Amino acid sequence: MLQAVLDGKADLGFAYNLPPTPTIEVMPRMNAQLGTVVSTAHPIAHMNMVPLSECLTYPLIFADKSMPIRQIVAEAFDASGQDVNPAFETNSIEAMKSNATGSGGIAFLSRFDILEERREGKLTYIPIRDGAFGSNTLSLVRRQKRAHGLASSMFTEEMRRALGASID
């Protein structure tokens, strides 16, 4: 996404854990802390926070090694000294959400990843106790030093409002 914005193929883009890029303007930057994502019928769905060790009781749904969130999750389990073997791995957030909805498993995603599924009552987000996961920042970006059209500005403001309202 970052390259598409830099190349002018996209006016705006969302990016996670964006490296400093001088030609990119970061508008809102939001904490997209990873947590557990489970079906609303899951046994832990009622919890306010989940210990990382509790997750090992259920099938784990991991992003594959091509996705940056895999490293964040793997480091948390490594730091806790827990050996983990995911039941399902994919490079698709949609597949992770679908699997969490129907399998009784636990995916590790941010609240932003499941906005629609939360509204529909299919999935819920539960933070991990003790901040086991490293930071995960979602940024809305556009190229600097460029005339920004009305549509781009309006969309940016709508995204700020929508994403700000989505956090409980």
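Please read all numbers here as calculations on a predicted model, not as lab measurements. Residue indices follow the written sequence of each chain, beginning from 1 at its first position. Local features in a predicted model are, by the rule used here, given only for residues with pLDDT of at least 70; side-chain atom pairs are given and counted only at 80 or more, and totals for whole chains, interfaces and linings are based on all residues. As a rule here, side-chain values cover all heavy atoms of the structure and leave hydrogens and water aside.

Secondary structure elements are taken from DSSP: a helix is a run of H or I of four residues or more, a strand is a run of E of two residues or more, and numbering for both begins at the N terminus. Looking at the secondary structure, you find N17 in the loop between β1 (13-16) and β2 (24-31). Taking the C-alpha atoms as reference points, N17 and I69, 52 residues apart in sequence, are found 9.7 Å from one another. If near-sequence neighbours (up to four positions away) are discounted, N17 is found in contact with I72, S135, N136 and T137. Contacts between residues were defined by any pair of non-hydrogen atoms, one from each residue, lying within 4.5 Å.

Moving on: the side chain of S39. Assignment of secondary structure puts S39 in strand β3 (residues 35-39). The rule is simple: take the accessible area with a 1.4 Å probe, protein chains only, and divide by the maximum for that residue type; under 20% is buried, over 50% is exposed, in between is partly exposed. Residue classification places S39 among the buried positions, given a relative accessible area of 11%.

A one-sided burial pattern is seen for β1, the buried positions being G13 and A15 and the unburied ones F14 and Y16. Relative to strand β8 (residues 137-143), β1 runs antiparallel, the two being bridged by four bridges. By the bridge assignment, G13 is partnered in β8 with V141. For two strands to count as paired, DSSP must find a minimum of two bridges between them.

Next up on the list: the sheet that holds β3. Judged by pairing direction, the sheet is mixed, and its five strands sit side by side in the order β5-β4-β6-β3-β7 without closing on themselves. Each end of this open sheet is capped by a strand with a single partner; those strands are β5 (88-90) and β7 (123-126). When strand polarity is set aside, the average angle formed by the axes of neighbouring strands in this sheet is 30°. With three bridges connecting them, β3 and strand β6 (residues 106-109) associate as antiparallel partners. Bridge pairing links V37 to A107 in β6. The angle between two axes is taken between their N-to-C directions and runs from 0 to 180 degrees, where each axis is a line fitted to C-alpha atoms and a helix contributes only its stretch in contact.

With that settled, consider the nonpolar core. Judged by nonpolar contacts, the single largest core of 32 residues is most densely connected at L60, F77, I106, F108 and F133. Elements with a contribution of two residues or more to this core: β3, α2 (52-55), β4 (60-63), α3 (68-79), α4 (93-103), β6 and β7. Ranked by the residues each element gives to this core, the list is headed by α3, at five residues. Note on terminology: a nonpolar core comprises buried Ala, Val, Leu, Ile, Met, Phe, Trp, Tyr and Cys residues joined through side-chain atoms within 4.5 Å.

This part covers α3. How far a helix is expected to stretch is found by multiplying one less than its residue total by 1.5 Å. The first and last C-alpha atoms of α3 sit 17 Å apart over twelve residues, in line with the 16 Å expected at 1.5 Å per residue. Within α3, the full set of buried residues consists of I69, R70, I72, V73, A76 and F77. Buried residues of α3, seen end-on, are gathered within an arc of 165° and therefore sit on one face of the element. Summarising the geometry of α3, the exposed residues directed more than 90 degrees from the buried face are P68, D78 and A79. To be clear, the arc concerns the directions from the helix axis to the C-beta atoms.

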